[in-house]
Amino acid sequence: MSTNNTMTDKEEFIQLLRSTEREGVDDVIEYLETEGFFTAPASSTKHLCTEGGLVKHSLNTCRAALVIWENMAKLSPSLHQEVSRESVIIASLLHDVCKTDIYQRSVRKKKVLGGWEDVEGYKVSYKNFPMGHGEKSVVLLLCAGLSMYDDEMLAIRWHMGAWGINLNSFEDTKNYDAANKKYPLVSIIQSADSLAANLIETTAEDLEEL
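Note that this is a predicted model, so its numbers are computed, not measured.

### Quick notes on the pattern of salt bridges
Here comes step 1: Under the definition given, this model contains ten salt bridges.
Here comes step 2: The shortest N-O distance in the salt bridge between E12 and R63 comes to 3.2 Å. Pair noted here: E12 is in helix 1 (residues 9–19) and R63 is in helix 3 (residues 53–72), with a separation of 51 residues, a long-range link.
Here comes step 3: Here R18 and D26 are joined by a salt bridge, their closest N and O atoms 2.9 Å apart.
Here comes step 4: According to the relative accessible area criterion, R18 is partly exposed, its value standing at 47%.
Here comes step 5: D26 sits in the partly exposed class, given a relative accessible area of 47%.

### Focus: the packing of aromatic side chains
Here comes step 1: Counted according to the given criterion, the structure contains five aromatic pairs.
Here comes step 2: A centroid spacing of 5.3 Å and a plane angle of 90° characterise the contact between F37 and F38, whose relative ring orientation is edge-to-face. Note on accessibility: F37 and F38 belong to one class, buried.
Here comes step 3: Measuring from centroid to centroid gives 6.4 Å for Y103 and Y122, while their planes differ by 70°, and the two rings are edge-to-face. Here Y122 lies in strand 2 (residues 115–124) and Y103 lies in strand 1 (residues 103–112), a separation of 19 residues in the sequence. Comparing Y103 with Y122, the two get one shared label, buried.
Here comes step 4: One aromatic cluster is present, formed by F13, F37 and F38 through successive ring pairs.
Here comes step 5: Above the ring of W158, the side-chain terminus of R157 is found at 3.8 Å from the ring centroid.

Conventions we followed
Residues numbered from 1 in each chain as written. Predicted model: local features only at pLDDT ≥ 70, side-chain atom pairs only at ≥ 80, totals over all residues. Heavy atoms only, no water. Salt bridge = Lys/Arg side-chain N within 4 Å of Asp/Glu carboxyl O. Helix = DSSP H or I, 4+ residues; strand = E, 2+ residues; numbered from the N terminus. Buried < 20%, exposed > 50% of the residue type's maximum accessible area, 1.4 Å probe, protein only. Phe/Tyr/Trp six-rings, centres within 6.5 Å; stacked < 30°, edge-to-face > 60°. Lys NZ or Arg CZ within 6 Å of the ring centre and 35° of its normal.

Note that all results are geometric; they support no functional claim without further evidence.
Set out below in structure tokens:
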């Protein structure tokens, strides 16, 4: 995955997504444009809490996922037959579509030396479509008209790893375990999302606030 420094994050995202030639991709792009995906932050207080952060995080996850997919094949030669590059791109770029409508601009208090100051940021509301996280992304993409394979849907559904499990639910635990064992793409997207948020996007300020 080469990066063209003259392209914006939005342009690179759209180019990558269209490169899959998947049925429904243009409908999804139109949906994301309408709903504000390309201007949304990636979080309310943590990584890439800034306008355009969500598309940047999606690209970072895609870059990490492609590196994992390309290099893990050296250890597991059958990987490229089990998982296609197009599926890696689809699942990684679109795993956080669920965040498109949950952030609203706000002002919050931040502790500084000697007191507190007002800082512009975002607050979170789930009232628009309280479906969940990974499962919400899958539903929104299907409703937007994207044709998806089972492993792509499950990779998006479980991209939060164990954090996405209701630990009081035996069914959730068994489904998560089965998805991980059956579909390598699930582990690839989980790993890439974590690497993007905790390695690529973590700043010195984030570490100071731990």
